[in-house]
Amino acid sequence: MEKKWWHDKVAYQIYPKSFCDTNGDGIGDLRGIISKLDYLKQLGVDIIWLSPIYKSPFVDQGYDIADYYAIAEEFGTMEEFDELLAEAKKRNMDLIMDLVINHCSDQHEWFQKALADPYGEYADYFYFRKGKDGNPPSNYRSYFGGSCWEPVPGTDLYYFHMFAKEQPDLNWENPKLRQELYNMVNWWLDKGLAGFRIDAIINIKKNLAFPDFEPDAPDGLAGCWKMVESVDGVGEFLEDLKRNTFRKHDAFTVAEVFNMKEGELPEFIGDDGHFSTIFDFSAHSLSDGEHGWYDAPPIDFKRWRKTVMDSQMEVQKSGFEANIIENHDEPRGVSRFLPDYAKNSDGAKMLGTVSLLLRGIPFIYQGQEIGMQNAVWNSIDEFDDISTKDQYHIAREAGLSDEEALEVCSRMSRDNARTPMQWCGEKNAGFTTGTPWLKVNSNYPEINVEKQEKDAGSVLNYYRRLVAVRKSPEYKNVFTYGEFEPEYADTDTVMGYYRFDGEKRMLVVANFGKDAVELKLRHPVKNIVLSNKNRKRAEFALKLESLEVLVLECM
Ligand code: TEU
Ligand code: CA
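## Some points on the nonpolar core
Counting 174 residues, the largest nonpolar core has F81, F196 and W304 as its most contacted members. If sequence neighbours within four positions are ignored, F196 has contacts with Y54, I96, M97, D98, L99, V185, W188, L189, F246, F252, T253 and V254. Counting 14 residues, the second-largest nonpolar core is a separate cluster that includes Y498, A538, L542 and C554.

## Focus: the coordination of the calcium ion (ligand 2)
Listed as protein donors to the calcium ion (ligand 2) are D21 (OD), N23 (OD1), D25 (OD), I27 (O) and D29 (OD); their distances from the metal cover 2.3 to 2.4 Å. When the donors of the calcium ion (ligand 2) are listed by position in the chain, the intervening gaps give D-x1-N-x1-D-x1-I-x1-D. Given a relative accessible area of 8%, D21 falls into the buried group.

## Overview of the sheet that holds strand 17 (residues 494–500)
The strand order across the open sheet built from five strands is 16-17-18-22-20, with neighbouring strands paired in antiparallel fashion. The sheet terminates laterally at strand 16 (483–487) and strand 20 (525–531), the two strands that pair on one side only. For this sheet the average axis-to-axis angle between neighbouring strands, irrespective of direction, equals 20°. Judged from the six bridges that link them, strand 18 (residues 505–511) and strand 22 (residues 549–554) form a sheet pairing that is antiparallel. Looking at the pairing, M506 lines up with E553 of strand 22. The strands touched by helix 10 (residues 301–315) are strand 16 and strand 17; relative to strand 17, the strand with the most contacts, the crossing angle is about 15°. With respect to the sheet, helix 17 (residues 459–471) is in contact with strand 20 and strand 22, its orientation differing from that of strand 20 by roughly 140°.

## A few points about the site of ligand 1
Around ligand 1, a shell composed of 16 residues is seen, among which D60, H103, D199, D329 and S387 lie nearest. Between an oxygen atom of ligand 1 and a side-chain N or O atom of D60, the distance comes to 2.5 Å. In the complex, the protein chains occlude 90% of the 480 Å² of accessible area that ligand 1 would expose alone. Per-class residue counts for the shell around ligand 1 are five nonpolar, four polar and seven charged.

## Examining the packing of aromatic side chains
If you walk through the whole model with that rule in mind, you get 45 aromatic pairs. With 5.2 Å between their ring centres and 90° between their planes, F81 and W188 make a pair best called edge-to-face. Residue F81 is located in helix 3 (residues 78–90), and its partner W188 is located in helix 5 (residues 175–191); the two are separated by 107 residues in the primary sequence. With respect to burial, F81 and W188 carry one shared label: buried. In this structure an aromatic cluster arises from ring pairing among Y54, Y68, Y69, F81, W110, Y122, Y125, W187 and W188. The cationic tip of R505 hangs over the ring face of F500; the distance from NZ or CZ to the ring centre is 4.3 Å.

## With respect to helix 13 (residues 386–397)
Look at helix 13: 17 Å from first C-alpha to last across 12 residues, which is about the 16 Å you get at 1.5 Å a residue. For helix 13, the full list of buried residues reads S387, T388, D390, Q391, Y392 and A395. Two to three positions downstream of the cap, the backbone nitrogen of S387 sits 3.0 Å from a side-chain oxygen, assigning the N-cap of helix 13 to D385. Residue G399 follows helix 13 closely and has a positive phi angle near 105°.

Definitions and limits used
Residues numbered from 1 in each chain as written. Chains lettered and ligands numbered in written order. Predicted model: local features only at pLDDT ≥ 70, side-chain atom pairs only at ≥ 80, totals over all residues. Heavy atoms only, no water. Core = buried A, V, L, I, M, F, W, Y, C linked by side-chain atoms within 4.5 Å. Buried < 20%, exposed > 50% of the residue type's maximum accessible area, 1.4 Å probe, protein only. Contact = heavy atoms within 4.5 Å. Donors = N, O, S within 2.8 Å, 3.2 Å for Na, K, Ca; no water. Pairing = 2+ DSSP bridges. Helix = DSSP H or I, 4+ residues; strand = E, 2+ residues; numbered from the N terminus. Axes fitted to C-alpha atoms, helices over the stretch in contact; angles between N-to-C directions. Near = heavy atom within 4 Å. Polar contact = N/O pair within 3.5 Å; in protein donor to acceptor, adjacent residues only side chain to side chain. Areas by Shrake-Rupley, 256 points an atom, 1.4 Å probe, with all protein chains shown as cover. Nonpolar A, V, L, I, M, F, W, Y, C, P; charged D, E, K, R; others polar. Phe/Tyr/Trp six-rings, centres within 6.5 Å; stacked < 30°, edge-to-face > 60°. Lys NZ or Arg CZ within 6 Å of the ring centre and 35° of its normal. Expected span 1.5 Å × (residues − 1).

Structure follows, in structure tokens:
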């Protein structure tokens, strides 16, 4: 395997709107990010991913871009962006931005021009199609609910959108559109951006016949992902994109890819794959409900463990994936993957350790490093997220009471990850002096950065040690390139694995159970590298306490 500059990096995702507000308008901003660069440096972060900061009406929180060349006023100016880039570079950190090119905003100039002239040049930047017998062209349901087709005013045409109706899909078949996008990507890379996190990219290939699928719910529609899964040829677009942009800059690209086909992984992340890496969502997909969040199965430890192990074994054959516990679309990992007795700082450290030392590029999501948890939501009106509103509606339609539907959304909502970053115990967790755009999690007096700075045993200080171990000269190679091998997979509560690079053998082992477990070690211990319970000795027969995690260097 060819070595790449990004293989041994640790990344951190910032959700700008909720990170740090410096002008009191209740919205995080670029100045706020600049003010926290030292904090990120101290955590050991190498690459910072910014969720979208482009000009946007924020129907889907910036994933609806109105101008790819402009910074949202809410967040600051292009000068401030350049300053952020320069300040990050000064600290030897790289910046990557979100690249949302499956769709744009209905406010984008291209779409406005298309509406103004529905048979003109710009209509061909989108999918404008005639309906069928008074109905939309096909029966697809968008990811955020309702038809994927929206009437084009004053015509018998519809335009296609897989997400909100304010997010029209871009027509990748049109070479002119593709060239516009490549120019834009290169413009940012020329500025000094290290690369991109690439949004919903598998969706860019459409079946141009837009065939109907068997309805999968009483609304008579079929999830539009069915079309995505059944169409071939996305690889050609992805190669074209790479050749014209990323490759020329040796950029780091991490793609959000769902619905990949069997056996396609090497094409995506192999030595000359479409992308540097893609996110590993296999564990997150375990709570995909058949019809929505309301029938999402709870996480079962053994299934979760097997899923993570299987994925690691598979991925190491082809390349690297990016490992996450949570992101801006997911509930908090501590609340989701841990049983109730483990939703505490020991549990957060344990989950963090087993995740960050997997083979792959770790992405820490803002607040994960202090063990942030899901919020308590008292009413559906407290949510902002478009997807949460849709899922609430789906749950009610399926017969759940208001209270039950609220419970479902409280558990699954994307807003759990989007509540403001908890910096201190003062008003609004120190996020803003004004009114935060989304409510602050009420647990901020207990869980916040300032408090954890002062506590050597805090989740934050543990994460700092954890990242430092991963990046230390002694262990960097084994944790980057070392082979992954599962251990204790036949136990009821232990998640364990080796990382081995021919020189060093590391054992990462954690007890997710309520009771202590006795384990035999296969190799003698040389050194305790990390422990969340301050363990000083480890021998052949090891009694692992409940919620204890150890990183051992073995002979
Ligand atoms: O998400 C794409 C996506 O398919 C999902 O994550 C899913 O549809 C969503 O979480 C439903 O709850 C990406 C972004 O990460 C997400 O924030 C955007 O809303 C979406 O694309 C549209 O740009
Ligand atoms: Ca602000």
